[in-house]
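# Coordinate inspection notes
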Amino acid sequence: MRHATATTARNLGLAAPGLLVLGIFFLLPLATVVVSAFSGDAMRRFFASAELLDALVNSTWLGLIAGLVAVVLGTVVALHLARLPPGRRALVQVAIALPLTFSGLIIAYGFILVLGRAGFVTLLLAKLGADPATVAQFLYSRWGLVLAYTYYLSPRVILMLLPVFANFDVRQIEAAESMGASHPRALLDVMAPQVAPTVFAAFALVAAVAFGTYGTALALVGSQINILPLRLYSMVADAGSDFPLAAASSVVLLAVCSLLMSVAEIAAARSEARHVSA
Amino acid sequence: MSIQVESLGFHYAPSHGAKQGAGLEGISLDIAPGEFCAVIGPSGCGKSTLLRLIAGFLSPEKGRIRIGGEDMAGVPARRRNLGIVFQNYALFPHMSVLENIAYPLKLRGVPRAERHRRAGEAAERTRLSDLADRLPSQLSGGQQQRVALARALVFAPRALLLDEPLSALDAAHRAAMRDEIRAVQREHGIATLHVTHDQEEALSIADRVAVMRGGRLLQHATPHELYDHPADRFVAGFVGHANLLAAKVTAPDEVSTPVGPLRTAPHGQPLGATLTAMIRPEAVRVLAADAEPDLPNRFAGHVSRDRFLGSLRRFDFSVAAVGKTMGGKTVGGEPIVGETSSREAITAIAIPPAAVHLLTDPSSTS
């Protein structure tokens, strides 16, 4: 017993520096934000503001749509990659992971260079008779945001799904086909139910990222589109006077992201429990 | 229905990697309706490739596959109507035992109540009724195997393909499952191709056995014929145990071998021909020390290795007159492997001339 206590004490001692950093740079700021969000009428004012509620709705839309597009695209690409020989797969994987290393601002800048008012593709399309302003308008709309988000969300989806698809036992598909199933039917009946929890977890993860991110949006659409992260940014950066409201917005943002992430975690844990028992 | 394979040829693309196994060359094989055919051979001999070609997972480069007389060229796997049991069973982990068995019926549009009734019957026949609601992960290997078999047969397929279905089971269950597979196959009266690397399994289960090596078919015969009259040295060594001695014909009923001259039945081989003499261990007779001194192919010597196998004793017998004798021990010379149930000391053996089989083999490389 004394030995166990000593071990616990030593372990706590070793963990102390880490706990200290966690406390000062994560728990303390978080607590400050939460306390200031719920003291006074900040939270009430958030939900009374039509503009902020509109931002919440827009952000949710953006998160769900960008997440959905990224998951559909990522699933198709991952399915294809899973069928490549391992050597070539690794090579393509490196290329796919590249966008993950870019910051949101750089990605936005890249899209402006391609599809902006003087963008490369915009000018090419202009030669074919398209109106450059219309083309560029697309990029600065919310669908433009979906496009840019998809660009850096789909690699996350691919990297999450690829191991699951690559390790899937193709003999199950062959077995289903030998019993009379077409290939799409075999995928739907046999593979889809088994990979669905992971695909859903990937969706929840990228939807949370799309919901909370602001760098790309800031560079592309500035204040033209009313989304929660940009609202929060302007509250903190420009006006900077209403900190309780900023704190309330933060808490809402955090709550939605946490909700999505926990849904993803539960889905992943469930599929894992199933695989372990298998 | 029958399975007919005619001069089948297939090669894997080089990029596919070597682990996929060898290609095939000129394979012809007939499996009659209701016949159980086992395909054996060392790994990489192409036996699994043959199964995958018949199943329709691969397309042959040359030759023809007919099932029930119908040419399978261009017919996809799903339209071939074959029941397949995979090495790892390939059960669907998210479906219960009953759902697994009912799945082929679901694909055929059988209404839910009807397919559950038929799957339930199939489960009952394979003693799975109590487990119908379990997931595959909650079953033992033998139970999973029975589910796979029931699932492969529930839709009355034209033929049954078994891809090493017993290799994942331990020895005790393997023998029991072997009998069970054979019983189920008989009951359905269905042409069956059973791929295995276990020659004992093949001999005990099959009506006929095909031996493959390096993508070629060496022999296709009944288990008895394969054992008694192997086509060549490789088949003789692969199927059961065998003494294989280099032999040279010295008389119409005699050959010379490393253990000395051996009398044979009249063999009709030309004088001076080099052959392989095959003697099965159980044909070697154990003699009392002084008994029957005039018996042909009688050898005196001693046991150099002794293996007690329970009902049987397998021994290596070193012939005294062969090799150099150094300090009372014989050095060099091939021992003769024999089998007996006797536990006495062995100092003399005899090989009945009729038990010496001469193999002429074009592929005498191994």
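What you see is a predicted model; the values in this text were computed from it and never measured.

Rules and cut-offs
- Residues numbered from 1 in each chain as written.
- Chains lettered and ligands numbered in written order.
- Predicted model: local features only at pLDDT ≥ 70, side-chain atom pairs only at ≥ 80, totals over all residues.
- Helix = DSSP H or I, 4+ residues; strand = E, 2+ residues; numbered from the N terminus.
- Buried ≥ 20, exposed ≤ 12 C-beta atoms within 10 Å, placed from the backbone.
- Contact = placed C-beta atoms within 7 Å.
- Pairing = 2+ DSSP bridges.
- Axes fitted to C-alpha atoms, helices over the stretch in contact; angles between N-to-C directions.
- Domains from an automatic or database assignment.
- Nonpolar A, V, L, I, M, F, W, Y, C, P; charged D, E, K, R; others polar.

## Observations regarding the overall build of chain B
The helix and strand inventory of chain B stands at eight helices and 22 strands. Seen through its C-alpha atoms, chain B measures out along the principal axes to roughly 80 × 45 × 35 Å. Considering chain B as a whole, with its 366 residues, one finds that 41% of them fall into the buried category. Counted over contacts in chain B with a minimum sequence separation of 6, partners at least 24 positions apart contribute 65%.

## Considering the sheet that holds strand β6 (residues 82-85) of chain B
Residue and element names in this part refer to chain B. Taking strand neighbours across the sheet as the criterion, the six strands line up as β6-β7-β8-β3-β9-β10 in an open arrangement whose pairing is mixed. This sheet does not close on itself; its edge strands, each paired only once, are β6 and β10 (216-221). Neighbour-to-neighbour, the strand axes of this sheet turn through a mean angle of 15 degrees, independent of strand direction. Bridge analysis of β6 against strand β7 (residues 159-163) gives four bridges, and the strand direction is parallel. Directly across from Leu82, in β7, lies its bridge partner Ala159.

## Points about the pairing of strand β16 (residues 298-308) of chain B
Residue and element names in this part refer to chain B. Where β16 lies against strand β21 (residues 348-350), three bridges are found, and the strand directions are antiparallel. Bridging across to β21, Phe299 finds its partner in Ile349. Relative to strand β17 (residues 313-319), β16 runs antiparallel, the two being bridged by seven bridges. Across the sheet, residue Phe308 finds its bridge partner in β17, namely Arg313. In textbook terms, the turn of a hairpin is the stretch between consecutive antiparallel strands, and for β16 and β17 this stretch comprises four residues, one of which, Gly310, has a positive phi near 85 degrees.

## Digging into the domain arrangement of chain A
All names here are of chain A. Segmenting chain A into domains produces domain 1 (1-39) and domain 2 (42-277). Listed as interface residues are five residues of domain 1 and, on the opposing side, eight residues of domain 2. Among the residues making up the side of domain 1 that touches domain 2, the classes are represented as four nonpolar, one polar and no charged.

## Details of the environment of Arg313 of chain B
Residues and elements named next belong to chain B. With respect to the secondary-structure elements, Arg313 resides in strand β17. With 19 C-beta atoms counted inside 10 Å, the residue Arg313 sits in the partly exposed group. The spatial distance from the C-alpha of Arg313 to the C-alpha of Gly338 is 8.3 Å, given a sequence separation of 25 residues. Setting aside anything within four residues of it in sequence, one finds Arg313 in contact with Asp306, Arg307, Phe308, Glu339, Thr340, Ser341 and Arg343.

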